[in-house]
Each structure stands twice: as C-alpha cells, then as structure tokens.
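Secondary and tertiary structure notes
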Amino acid sequence: MTKTISAGRMALSALAGLGFAFHAEAQSLPPLPEAIKSAGLLKAGVRCDQPPYGYKDETGKFAGVETDMAIQIATWAFGSADKIELTCVTAENRIPQLNGKKVDLLIATLGVTPERARVVDFSKPYRWGGSDMLVAKDSPIKKLDDVAGKTVIMLKGSTQAKWFEDTMPKVESLRLNTASDALQSLKQGRGDAYTHDAATLIVIAAKDPSLRLVGEPFAISDAAVGVRKNEAAWLAYVDAALDRMKAEGLYAKWVEKWIPAEIRPFYTDAFTKPKPTAR
Amino acid sequence: MEFDFGYLAAQWPALMRGLWLTIQVSALSIVLSIAVGLCGAAVRVLQVPVLDKVVVGYVEVIRNTPLLAQLFFIFYGLPGLGLRLSLFWSGVLSLTLWAGAYQIENIRGGLETVGKGLREAAFSLGLSPWRFFRLVAAPMAVRVGLPSMLNTSISLLKNSSYLQAIGLAELTFVAIDRISMDFRTIEMFAAICVIYLALVLTLSFFASRLEYRLNTPFRT
C-alpha cells in the first residue's frame, strides 16, 4: 500500500516536473530584431564603478549582477556568453552612449525618471533602488533633514542630484564625475555627506569602518534596462528576457554569486520584493 | 530633437552664474600667471643662482604633464600632504601654475630681444641688474611678448573648463551638469561655445588695445 502511494507521488512529481519544463518552454523569447542580429554580438553598456551591480574585479574583468544580466541576454540572443561587447558607462555619459549607438542597451543602474523617458525607452523594471547617505563615523548627521545647510557630495546627473534640487534646494551640493572622486572628497572632508544609491553605499560602508550610513531611505525608484526610442521589437525582446530571468530564478543566483551574505538581504529584496514607500 | 530656445532661456541664469565663476577664476589666474611669468623670467635672465635651476625644473614639469593630472594632484593629492584648498583656490592654483610656466617662456622670449648693447649701456650708466630689468628690459620684453602672452591667456581661459572635473561650478560644469539631467546636449554645448567665443574675443580686443597703447612711443 505504502509502495503504491510513493509510486503515485513519484508519478505526480514527474508530472510536476513536466509542467515546469513546459512552463520554461513558454518563456521562449521573441525573434531577435534584424538590426541587433546582424551585428553578431550584443553591445551592452554597464557600470564599472558600482559594485555589486556593475564593476571591474581585481583582475580588471567585468563583474556584478547587471553585468551577468547583459551576458545572459547575449547568451540567449546569440547562443554564446562570448558574443558580447561590454562598455563602461558613467551616470553622465550612459544615455549619450546609448543614443549615439555605441551600445544597444544599458543595464547600468539606470533609474526610471520622466526626464530620461523623454530620450530613451525603458524596459519593465527589474529591481528597485533607493538612495542613502554616507557620512563620517562621528558625524552629527543622523537623518536626512540634518543635512540642511551642509554640503552634500553627489554625482552629476544622478537621481540624487535631481532629488536634492527638487526637494531640498537649499542644500549645498558638490557634484563630481565618479563614485571614487566622491568617496575621496568625503574622506578629505570636502563635504559633510555623500549621497548615492543605497546599494552602492552599503558596500562601501561595509568595507570602511571610518564611515557609516545615515540609513533613512529616500528617492526610491525603479531600475530598468534602457534602449533607444522607437526600437519596439528590441524592447519587447529585452522585456521577455527579463521575464525569463525572473521565472528561472536567475536574480537570486546572481545576488548569491556577487554579494557577501552579511549585506545580501537588501539586494535580495531589491530584486524580488515590491518597492517600499519613502520620500 | 530640435533646437529648443525656450530651454536655453530657462537655463540662462544658471549659465550666467557659471560664466561669472569662469571669469573670476580666469581673470585671477591670468593676473597671477603673468606675475609668475615676470618673476620666473627675471630669475632666468638675471641668472639668480639655484633659483634659476628651480624655474627651469618648474617649467619643464608643468609643460610636460597634462593639466588634468596637475589639477587632480592639487585637488586630491595635496590634502594627503596636509594642504586642503577649496574648489575655487584649487582651480586658481592649477591654472596659475600651468599658465605661469608658459608666461615665463613668453616673457623670456621677449627678453631675448633686448640687445646686449642696451644692457651694457644700462650697466655703464650705473643701473643695478634689478633696475635694468624693471626699467628697461621688462617693458620692452612685455611689448614683444604680448601676442604670445595673450595666446597663453586665451588657453588659460579655455582650460578653465577642466575645472568641471573637480566640481567647480564654472561654465562647462553648468552645461555638463544640466545635460546629465535634461539631455539637451546640442543646446547647452552650442550655448557655451558661443559664450566662450565671446569671452575670448573680448579678451583679444582688450589685449590689442593694450598692444596699441604700449606701442605709442614707436608710432610716428
């Protein structure tokens, strides 16, 4: 009797397995647009200074979750993880790089904003991102409002630059080009706080005991893949690829691969949970 | 995307604030670099012991390294040595040091044209080397060197755009900062090019007036 039951269970799980296989089959991607296909490889813009999303590891190789997303799309599109040309983009030059056709998509910590939507098309969001501030360990700044009348370091063209301009215009800003310039300037005391994506700051704070996070999230926004305007077929392909990554549980795998366990929960939430509410 | 004059009009106050900072930092640096040039050239021509070697070294270092590297050294490097200058003064210092090296050579070039005879005449009249430099050689050298000094000053004015890299909110910074938010690339770069052009033409105009005035004694 017990034997029959377990046989039945096995049959059931085999069926379930089949069902899963069938489901995965349903995730097949739309045809690759001719313009992309004819290039023979995927030209993707990723960040090189934004661990754990996009950065270069100690040996100078492209690394990070978003980099893996780009490689995955190339694998699906061209059948090989080598069929990709990765380009380092910055907050400031990423949209010009895309619209100047240097790259065909951006997976580059690109937050969805109305200003950007005017010049590029966004895929569906693949994660959310919030902002935070990094300050010196002994800084009197404990919450967001404490920076009133102080100097805040930020990157040109960043979500935070826009947010401060709209929300706290009285805050003095020091706007620099790269995250490393900003960090250097914070440590040299050229500003009282350095604001950036929380995800980036968490990594820095975990490594550097002289700094701490303020910990009040603000300017929560969706991150999405950017493609040029009026490339509907390509956008549809990217959207389908993002769905497939989600369905196959790839984000969790990449988060585990690139992010140390002690800071992992934030990133797991960002990729898999709905975004929280904040200012 | 067509050219949007309305957008430029909206950004005009920000551009003017940037322009004002560009003018301040450039004007100050031009004056200081000419002072550096005069002192350095005097040291070279009067062959002040030790110092003249220092000046030669300074000119070579500045002329043979990129301005951007010098700027980053001053802004990010000097604090490590205990000297933390503000954005503005980091900018003035780097532009002054950069242009100063060229001004030394410009003025020294002018001094080369002051003939040996004049020098001997001055000394035989009992002028000290310093008074000879101040009363005879320098005024003549500046006249001759003026066009190349103007060249260097124009370069300095244009190179002030490098200061956007350290976050000084001068003209180019304003343009790049706005572009990174609003993506009006053509409007902003066209606007700052026109403004730089107007600035340089103004500078050239005053320099040619000065040249005319300085040449008064030689006109018949």
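Residues numbered from 1 in each chain as written. Chains lettered and ligands numbered in written order. Predicted model: local features only at pLDDT ≥ 70, side-chain atom pairs only at ≥ 80, totals over all residues.

Per-residue confidence for chain B gives a mean pLDDT of 92; residues scoring 70 or more make up 99%. Predicted as a complex, the structure gets a pTM of 0.74 and an ipTM equal to 0.76. (pLDDT = per-residue confidence, 0-100.)

Residues and elements named next belong to chain A. Strand order in the open sheet formed by 3 strands is β2-β3-β4, with antiparallel pairing between adjacent strands. On the outer flanks of this sheet lie β2 (49-50) and β4 (62-63), each paired with one strand and no other. Sheet analysis places strand β3 (residues 54-56) next to β4, joined by 2 bridges and oriented antiparallel. Within the sheet, the bridge partner assigned to Lys56 lies in β4 and is Phe62. (Pairing = 2+ DSSP bridges. Helix = DSSP H or I, 4+ residues; strand = E, 2+ residues; numbered from the N terminus.)

Residue and element names in this part refer to chain A. For Val135, the position within the fold is in strand β8 (residues 127-136). As a C-alpha pair, Val135 and Ser210 span 75 residues in sequence and 8.8 Å in three-dimensional space. If we ignore the near neighbours within four places in the chain, the residues touching Val135 are Ile141, Asp192, Ala193, Leu211, Arg212 and Val214. (Contact = placed C-beta atoms within 7 Å.)

Between two packed helices, what matters for the description is the angle formed by their axes and the separation of those axes. All names here are of chain B. Packing of helix α3 (residues 67-77) against helix α4 (residues 87-112) brings their axes to within 9 Å, and their N-to-C directions diverge by 140°. One finds that α3 runs oblique with respect to α4. The crossing of α3 and α4 is right-handed. In this structure, α3 contributes Leu67, Gln70, Leu71, Ile74 and Phe75 to the contact, and α4 contributes Ser90, Leu93, Ser94, Leu97 and Trp98. In terms of residue class, the contact of α3 with α4 is built from 7 nonpolar, 3 polar and no charged. (Axes fitted to C-alpha atoms, helices over the stretch in contact; angles between N-to-C directions. Parallel < 35°, antiparallel > 145°, perpendicular 65-115°, else oblique. Left-handed = near helix turned anticlockwise from the far one by under 90°. Nonpolar A, V, L, I, M, F, W, Y, C, P; charged D, E, K, R; others polar.)

So, about the interface of chain A and chain B. Every contact between the two is made by 16 residues of chain A and, on the other side, 12 residues of chain B. Secondary-structure elements contributing two or more residues to the side of chain A that touches chain B are α4 (94-99), α6 (159-167) and β10 (172-176) of chain A. Broken down by element, the side of chain A that touches chain B gets its largest block of residues, 3 residues, from β10(A). Along the lines of polarity and charge, the residues of the side of chain A that touches chain B split into 7 nonpolar, 4 polar and 5 charged.

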